[in-house]
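Overview (structure and organization)
Next come the chains, spelled out residue by residue.
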Amino acid sequence: PCLDTGPSKLLPIITLNKIGRANLLTQLCDELAIPQSVANEIQNGGDNDSAVTWIQNEGKKMYIKPIDSIAPKVASWDLGMGESYVMSWLLKHPGFESIIDDRAARKAAAILGLPVRGTVSIIAMAKRNGYITSARDEYKKLVNVGFRISTAILLKALKLTAK
């Protein structure tokens, strides 16, 4: 199961929609869960945003899940609302892993013992599973839409997908 995270600079659902690859989430996950608060923030993106369209069409089918509160041990990290709701969901649903790109949220998740991966990992998994033909092309698209990634991490990711 996978759980997408809330808005940081670019939310994984938003980022993957911008490069036309939101379908990877449903292809790679046994079950996809998006906290309602994250869906609400995505929908504030405007009618011309492809992520808004995706949430309104694909997301509403089965992926949006309610969560009513942020767990106290997550709240103490003072993260964004989306990240906080995602981590709170993970505490209640231990079979899931989150997709988080925000550095502070990833650090908090690691310390809390919550499983996490990022958008770069989603692309690598998609390549290994045959859902895309070129990880390099997808990483270029990510950078072109404003996704920030260090050269060292990008090179490491490319090396992993070449195996």
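What comes next concerns the included structure. (Residues numbered from 1 in each chain as written. Predicted model: local features only at pLDDT ≥ 70, side-chain atom pairs only at ≥ 80, totals over all residues. Heavy atoms only, no water.)

**Regarding the packing of aromatic side chains**
Counting across every chain of the model gives 2 aromatic pairs. Ring centres of tryptophan 54 and tyrosine 63 lie 5.9 Å apart, and the angle between their planes is 5 degrees; on these two criteria the pair is classed as stacked. Note on tyrosine 63: relative accessible area 11%, which makes it buried. Measuring from ring centre to ring centre gives 5.9 Å for tryptophan 89 and phenylalanine 96, while their planes differ by 85 degrees; the resulting arrangement is edge-to-face. For the pair shown, tryptophan 89 and phenylalanine 96 are each scored as buried. (Phe/Tyr/Trp six-rings, centres within 6.5 Å; stacked < 30°, edge-to-face > 60°. Buried < 20%, exposed > 50% of the residue type's maximum accessible area, 1.4 Å probe, protein only.)

**Focus on the pattern of salt bridges**
Under the criterion given, the structure shown has 4 salt bridges. Between glutamate 138 and arginine 21 there is a salt bridge, with the nearest N and O atoms lying 3.1 Å from each other. Of this pair, glutamate 138 sits in helix H9 (residues 135-144) while arginine 21 sits in the loop between helix H1 (12-18) and helix H2 (23-28), and the two are 117 residues apart along the sequence. Just as glutamate 138 is buried, arginine 21 falls in that class too. A salt bridge links lysine 141 to glutamate 138; its shortest N-O distance comes to 3.3 Å. Remark: glutamate 138 and lysine 141 occur in helix H9; sequence separation between them is 3 residues, near one turn of the helix. For lysine 141, a relative accessible area of 33% translates into the label partly exposed. Residues participating in the shared-partner salt-bridge network are Arg21, Glu138 and Lys141. (Salt bridge = Lys/Arg side-chain N within 4 Å of Asp/Glu carboxyl O. Helix = DSSP H or I, 4+ residues; strand = E, 2+ residues; numbered from the N terminus.)

These figures capture arrangement, not role.
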